[in-house]
Structures are given as C-alpha cells and as structure tokens.
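# Reading the structure
So you can see what is in the structure, the chains are spelled out below.
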Amino acid sequence: MPARLSDSFIESLSSSAVDLAEAVTLPPACYTSRDFYEFEKEALYYAEWLCAGRESWIPERGDYFTTRIIGEPIIVARNQAGEIKAMSAVCQHRAMLVAEGSGNARGFLCPYHHWSYSLDGALVGAPAMNKTCDFDRKANGLPAFAVEVWNGFVFINFDKHAAPLAPRLAKVAEAIAGYDLASAEGPRPEPAAKLPWNWKVMFENNNDGYHASRLHQGPLHDFVPSGRAEFPPSEPEDAGFLRFNGTLHPDASFNATQRAVLPVFPGLTDADRSRMTFANVPPSLSLVMMSDMVIYLILRPDGPESHELETGFLFAPGAMRAPNFDNLLDMNIAASGKIIAQDMHVDALVQEGLRSRFAPRGRYSWQEGAQGQFNKWLVHRYRAAHQRLGAQDGIA
Ligand code: FES
Ligand SMILES: [Fe+2]
C-alpha cells in the first residue's frame, strides 16, 4: 500500500519549486526516508516514462533483455512482428521470474511449473490446469507495459494509458537533433553499478554546473567553466529539461588533449560544438553530450538510499570502426574516470550528510539552475500524486 504523506510535508516542498533565487533544497527526508520512497514510486515511477535501454540491444526478432526498476522485474523483447514489447517478468501463476539476463528466445518458459508465454507476454501453455475451474488463459498473460522509442532509447510506462512521451520532449529533441541519437552506435554498457545513495543525489550531481570549476578544478575540466552554465527554460509539465555549458574552445572533450579525439557527430551545428549539452529525461535518463561522444546514464532506484546505474557510450555512426578507436576511447575513459571518481566520493558523503539531524534545506547559486528545474519537475508530480492518493482514500 502506498504511503500517503501528510499535507504539511507536501506543502513544505513548495519552497523548493519557486524561483531559484528564492528557493531552498528539498527536505533531506526526500533522499533518505522509506515512506518517501514508497510515495515517490507512485508519484514518479508508476506514472512516468522510464528508460529501460537502447533499441539496438535487441536488433533481431526474439531478442530480449531484462531489467529492474524500483524492484520491478521487466522484460523488453522484440516480437515475431519486429515490434518492441515490454512486460512484467513475474509469472502469473506463483510469481517466479520467467526470464533473467538477455538472449534470443521464441517465448518465455517459467522454470517452476512450465507455464509458457509468447514474446508478447500471452500465456500460451499451462500444463495440468484442465481441472481448474474457470481458468482463463487469456486473463493470465504477463502484465504488459506501454513502450515508446525516443532517439533510440526504449522507454516503458507501467501505466498503459500514459500520454505519449515525445510531444512533451519537443524542446529537448530540438536541442539535440544534430546528434541524431537514433543512428548513434555504442556497445551495450557494462553491468550496472550499485550505488549507495538516493537516485536524486546522482541525478543532481550530473546536472550541477556549480561544482564543475570547483570539485573538478584542473586541466581535465577547466575548459568547461561553471561561469558558462546556461539553463534553457522548461515547464514542469515537460518530460525533460536541458543544461548547456559553454566551453573555452570548440569540440572540447574529456581527455588530456581537451579536444575531441574520436570522429565528431556529423550533424552538429557550430553552437552544438561550442558547448556541452546535458539532456535530461527524469527520473531515469541523463545524457552528457560532447562533439565526439555521448555518455548516457540510466538510473534505476532499488531503495530509498540506493540505485543501480548503467553507464553507456554512443558515438557517430561508423566511428567505432575508425583506426585506433579503442586507444583513443581509452583517453576519454581515463579522463572521465578521474572526474567520475571525484563525483562518486561527493555523492557518497552527501548521502551521509543528508541523514544528519543537521542536514540543511540549503540555498542555491545561479549556477545551479538545473536543480531548480528538477525541483519544479519533481514537486509538480509530488503534489499531483498526493492529491490522487488522497482522492483514492476519500480525502477531500
Ligand atoms: S510460478 Fe511460473 S509456472 Fe508456476
Ligand atoms: Fe561532476
């Protein structure tokens, strides 16, 4: 049962969703409390579009992969008609998971009692159920989720009736059109890292222009100074928002040369090439975009103070076949790794700080505009869910 939070707690969130110059950070409990996490599942995860992976992970009919978001086991499969389908992996007999990992299959056979499901999730076989009264195979398929592919990313929605995603991402799509991410190529990411901090700590860290010139001070980052942070306006109803950070020279990239070493995405404008672009589709996808490489983060919470993070890379079509690609990529990965290590150290200690009785509702610098947009996005949905849950409980 979802935890309904008190009216006064929800009201207290409002001071985070005002203009940045007036705003304070969210209450620390939003990052630490089990009740808040349960509420947030209803407010965000069972309502919003969630990135599950890339379409290119399942190119052939019968290809599938599994994932978990908020502890929900999910299968994403390409059916025999070539369409992408998403469904619960929970067997509708006695809840065993019908698939693990990834692969290619004609369907899913539950190992426990051998109920079998098609790639669409329909129950196609259930042995020895002939004496069971009123057993309706059609009513026992795997619960189906909505699917939408955006820029090559597969999004799912637990709410089958959710409004489509793309129309609410128009501004983000326009800003990143030059990357043509649907055509971008990259390997499947390494297995997810399990990180012991709230997913919002991660999301905020990735969108924090303020810390760039401080925490990351030095030759691996100084060409992206905090003073050049820009925050294009967004509305709380939008499904995503952007952050730009101007660079001191074109085609800047994270490696010791400070410049792109891999082939540049061919459709980029001069404006694209003079900045880093951060494109966000909360709560699950964050993109870090340079001229020669896009890093994507898929965030999958599994508790109030932990989440799994998949980190993937995308490159211009054909770039991976460029001579010496692996060695050049190693240069980017070495530099990014040092920067990420600085971030992770901070993230772990922020989570510890948030548990403290003395944790603040702090004030913001103008260079934290993305935090303000994120707060507006969140609080809009928290308020709506609070009302929704109240109405379900018969609370006026
Ligand atoms: S739990 Fe899947 S067949 Fe029994
Ligand atoms: Fe950072």
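Residues numbered from 1 in each chain as written. Chains lettered and ligands numbered in written order. Predicted model: local features only at pLDDT ≥ 70, side-chain atom pairs only at ≥ 80, totals over all residues. Heavy atoms only, no water.

## Brief notes about the nonpolar core
For the record, the criterion: Buried Ala, Val, Leu, Ile, Met, Phe, Trp, Tyr and Cys residues form a nonpolar core when they are joined through side-chain atoms within 4.5 Å. Buried, partly exposed and exposed residues are distinguished by accessible area as a fraction of the type maximum, computed with a 1.4 Å probe on protein chains only: under 20%, between the cut-offs, and over 50%, respectively. Under the scheme used here, helices are H or I runs from DSSP no shorter than 4 residues and strands are E runs no shorter than 2 residues, and both carry numbers assigned from the N terminus. Domain borders in the structure are assigned automatically or taken from a domain database. Contacts between residues were defined by any pair of non-hydrogen atoms, one from each residue, lying within 4.5 Å.
The biggest cluster of nonpolar side chains holds 94 residues, and the ones touching the most others in it are Leu181 and Leu287. The dominant element in this core, judged by the number of residues it contributes, is helix α7 (residues 369–392), at 8 residues. Taken domain by domain, this core gets at least three of its residues from each of domain 1 (50–157) and domain 2 (166–376). When neighbours within four sequence positions are excluded, Leu181 is seen to be in contact with Arg54, Asn151, Phe153, Ile176, Leu287, Met289, Val294 and Leu314. Listed in part, the 18 residues of the second largest apolar core include Ala77, Phe108, Tyr117 and Leu123.

## Looking at the layout of surface pockets
Unoccupied space between atoms shows up once a probe the size of one water molecule is rolled over them. Formally: Cavity: a set of points on a 1 Å grid over the protein atoms alone where a 1.4 Å probe fits but cannot get out. Pocket: an open set with protein on both sides within 12 Å along at least five of seven lines, its lining residues, like those of a cavity, having an atom within 4 Å of a point. Grid points are joined across faces, edges and corners, and a volume is the space filled by probe spheres set on the points. Throughout, the ten residues Ala, Val, Leu, Ile, Met, Phe, Trp, Tyr, Cys and Pro are labelled nonpolar, Asp, Glu, Lys and Arg are labelled charged, and all others, Gly among them, are labelled polar.
Approximately 520 Å³ is the volume attributed to the largest pocket. Looking at the largest pocket, it is lined by 19 residues, and the ones nearest its centre are Thr25, Glu204, Asp208, Val350 and Glu368. Where the lining of the largest pocket is concerned, the elements lending two or more residues are α4 (199–206) and α6 (325–354). Classifying every residue of the lining of the largest pocket by side-chain character gives 9 nonpolar, 5 polar and 5 charged. Of the pockets and cavities examined, the second largest pocket occupies roughly 410 Å³. For the second largest pocket, the lining is made up of 24 residues, of which Asn206, Val288, Ile339, Ile340 and Asp343 are closest to its centre. For the lining of the second largest pocket, the secondary structure elements donating two or more residues are α4, β13 (241–246), β14 (275–281), β16 (294–303), β17 (306–314) and α6. Class assignment of the residues belonging to the lining of the second largest pocket gives a composition of 13 nonpolar, 8 polar and 3 charged.

## Overview of the domain arrangement of the protein
To keep things clear, this is the line we draw: Summed over both partners, the accessible area lost on bringing two parts together, with a 1.4 Å probe, is the buried area. Any carboxyl oxygen of Asp or Glu that lies within 4 Å of a side-chain nitrogen of Lys or Arg is treated as forming a salt bridge with it. Here a polar contact is recorded for every N or O atom pair within 3.5 Å, except that within protein the pair must consist of a potential hydrogen donor and a potential acceptor, and residues adjacent in sequence are included only if both atoms are side-chain atoms.
When its domains are assigned, the protein resolves into domain 1 (50–157) and domain 2 (166–376). Measuring from the centre of the C-alpha atoms in domain 1 to the corresponding centre in domain 2 gives 31 Å. Taken residue by residue, the interface counts 19 residues in domain 1 and 21 residues in domain 2. Buried area between domain 1 and domain 2, both sides added, is near 1700 Å², and the carbon and sulfur share of it is 64%. Along the contact surface separating domain 1 from domain 2 lie 0 salt bridges. For the pair domain 1 and domain 2, the interface holds 7 residue pairs in polar contact (both at pLDDT 80 or more). Those elements giving two or more residues to the side of domain 1 that touches domain 2 turn out to be β1 (50–54), β2 (63–69), β9 (144–150) and β10 (153–157). Here the side of domain 1 that touches domain 2 is built from residues that sort into 10 nonpolar, 6 polar and 3 charged.

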